[in-house]
Amino acid sequence: MDRNMENNLAQLKKSRRPGQLRLLFAIILVIVAVIWSWAGTGFSIPAIMRGVPRIYNFIIDDLIPPRFDSWQKFLNPTLQTLYMAYVGAIFAIILSLGLGIISANNLISNRLIVYLGRGISSFLRAVPAVAWAVILVAAVGLGPFAGTIAIALGGAGMLGKTYADSLEEIDMGQVEALKAVGASWFQVLTQAVLPQFLPDFFTWSFYRFDLNIRSAAVVGLVGAGGLGFSLDTAIRLFQFREATMGILWIFGLILIVEFITAKSRDKILEGL
Amino acid sequence: MKKVNNPLNEKEFKALISKRKDNLFYLIILIFMTFFLFFSLSQMNINPARVIRGFSTLSDLIKNMFPPDFGQLSRLWPLAIESIQIAILGTVLGIIFSITLSMFAAKNLTPIPGLGVVLKGFFAFTRAVPALVWALLFITAVGLGTLPGILALGVNSIGMLGKVFSESFENINKATIEGLNSTGASRMQVFFQGVVPETIPIILSWSLFRFDINIRYSSILGVVGAGGIGWELVRASRMRDYPALLMVILVILVMVYAVEQFTGYARRVVR
């Protein structure tokens, strides 16, 4: 064998070995984690075996077929879910525009403010929307108002970060050019930063609205209005066929909203 | 159109017209969105007075939260661990089932052509119904505890991972499968020797991403009684024990943050 080739082969073997070792380590880690969780949660195969026929019976006897004649009961909650998601998205976008700008290190020179902005969004993001809903229901009472604010806060956490990240990626050449001709901070923002930021802005904002529909459908389970609340009521009253109808409403609402947001996002991005 | 007298050529002229149409389109959208915003606000009875009152009660509540009740920590800690364990089992369950089902859902691998469409419909449904709703249903079927939580996360994960995995299976190199088929490899051999090695980076990174999501879900599954720390949120708020409520939130924060750090590290290693 050619000496050069031998060297290459040795190198290849060397470079492969750590990869395989890492893979082995990862597999062991996953197995240990599963055993640890298995023991901790009291998860057991017999329990699953007992559970499967129960789930099957529950679906066949109780859930199916949905009570289609109860569809009207879910009309208002569905609309309320949509309102919460929409208003929550608008509030989140307004909050996050401010949060995003102060968290972008190329727009704000003060490190402290950038860290503060990043910290606020990461805090808002890490607390789940349902947890926000629990707090807000305690503060402002049951109903969609609590849900809307909860959704807005959770959304602001995500959008604040994604806006800041996309603002940091813009081409600073254009900003410098405008600064050089004596444009004010605000002029730089609207003339150089905004046009570059808009595609990401629309993509993330629409995506957030999609996610909001999902959050809005569940915050009702802790009393914050919308479909979750009606669904919870139906299940508590053992009206499972009505609950199935409610689930179909959730499914339908999510599909329709996803379709509409995808279409309008593409239409808007095309025009930019 | 006479081009001589027209300062713009035809193409530029059309572009200008369509630009103007676009501007009108955006204006209409903007007006509609503003209208819908105020309509939604009025439908939900949200008005400035209520918002101001809401913020003052909220700030009172936040004042009452401090200092957080660190005495609760010894009780909350095991529950946070339980949440992590629920997320691990739910994710693993979801990965196993979604890989298996994706073998039948991917157009190029499925033994029965119609099955792919049915399974993709199933994925869309399990994905669209939120994890908490699945938990509510499983509680009714198998009773309170960690089991409904694990099943809920598993089923919800199948919806997302099944979609991604089956699509990535469909995108693999045709020659790989044909080559293996020509050597007389069985269906399982084709899958494990051809499909898995090519898609393993996608499988790993999406599984890690899903684990991140599942940790967030598992922290709140307890609000409907599906195990973990979530129930403590509801308990503390019902008892108006706000320092405890803040402590629960802090524990959730630490838990989510720690897991995010871990998956972030794992993602770098995988890459």
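Residues numbered from 1 in each chain as written. Chains lettered and ligands numbered in written order. Predicted model: local features only at pLDDT ≥ 70, side-chain atom pairs only at ≥ 80, totals over all residues.

## Points about the environment of threonine 110 of chain B
Residues and elements named next belong to chain B. What counts here: Secondary structure elements are defined from DSSP: runs of H or I of at least 4 residues count as helices, runs of E of at least 2 residues count as strands, and each element is numbered from the N terminus. Our exposure labels follow a C-beta count within 10 Å of each residue's own C-beta, placed from the backbone: buried means 20 or more other C-beta atoms, exposed means 12 or fewer, and partly exposed covers the counts in between. Remark: residues whose backbone-derived C-beta atoms lie within 7 Å of one another are considered to be in contact.
Tracing the backbone shows threonine 110 in the loop between helix H3 (73-105) and helix H4 (115-128). On the neighbour-count criterion, threonine 110 (19 C-beta atoms within 10 Å) is partly exposed. In this view, threonine 110 contacts Phe104, Ala105, Leu115 and Gly116; residues no more than four positions away in its chain are not counted.

## Structural notes on unusual backbone geometry
Residue proline 67 of chain B is reached from phenylalanine 66 of chain B by a cis peptide bond, and omega for that bond is -10°. Inspection of the secondary structure assignment puts proline 67 of chain B in the loop between helix H2 (48-65) and H3. Backbone geometry at phenylalanine 238 of chain A places phi at a positive 60°, although glycine is not the residue there. Mapped onto the secondary structure, phenylalanine 238 of chain A falls in the loop between helix H9 (227-236) and helix H10 (240-271). Judged by local crowding, phenylalanine 238 of chain A falls into the exposed class, with 11 C-beta atoms found within 10 Å. The phi dihedral of asparagine 45 of chain B falls on the positive side, at around 60°, and the residue is not glycine.

## A closer look at the nonpolar core
The condition that has to hold: Linking buried Ala, Val, Leu, Ile, Met, Phe, Trp, Tyr and Cys residues through C-beta atoms within 7 Å yields a set, and such a set is a nonpolar core.
Judged by nonpolar contacts, the single largest core of 142 residues is most densely connected at Ala133, Val134, Leu136 and Ala150 of chain A together with Ala135 and Val248 of chain B. Looking at which element gives the most residues to this core, the answer is H3 of chain B, with 14 residues.

## Quick look at the interface of chain B and chain A
Operational definition: Put simply, Ala, Val, Leu, Ile, Met, Phe, Trp, Tyr, Cys and Pro go in the nonpolar bin, Asp, Glu, Lys and Arg in the charged bin, and everything else, Gly too, in the polar bin.
Taken together, the contacts link 48 residues of chain B with 46 residues of chain A. Here the side of chain B that touches chain A is built from residues that sort into 35 nonpolar, 9 polar and 4 charged.

## Re the domain arrangement of chain A
Definition in use: Domain limits in this description derive from either an automatic procedure or a database domain assignment.
Segmenting chain A into domains produces domain 1 (3-56) and domain 2 (75-271). For domain 1 of chain A and domain 2 of chain A, the distance between their C-alpha centres works out to 36 Å.

## Some thoughts on the environment of leucine 233 of chain B
Residues and elements named next belong to chain B. If you trace the backbone, leucine 233 turns up in helix H9 (residues 230-238). Leucine 233 gets classed as buried once you count the C-beta atoms within 10 Å, which come to 26. Between the alpha carbons of leucine 233 and isoleucine 249 there is a distance of 7.7 Å; along the sequence they are 16 residues apart.

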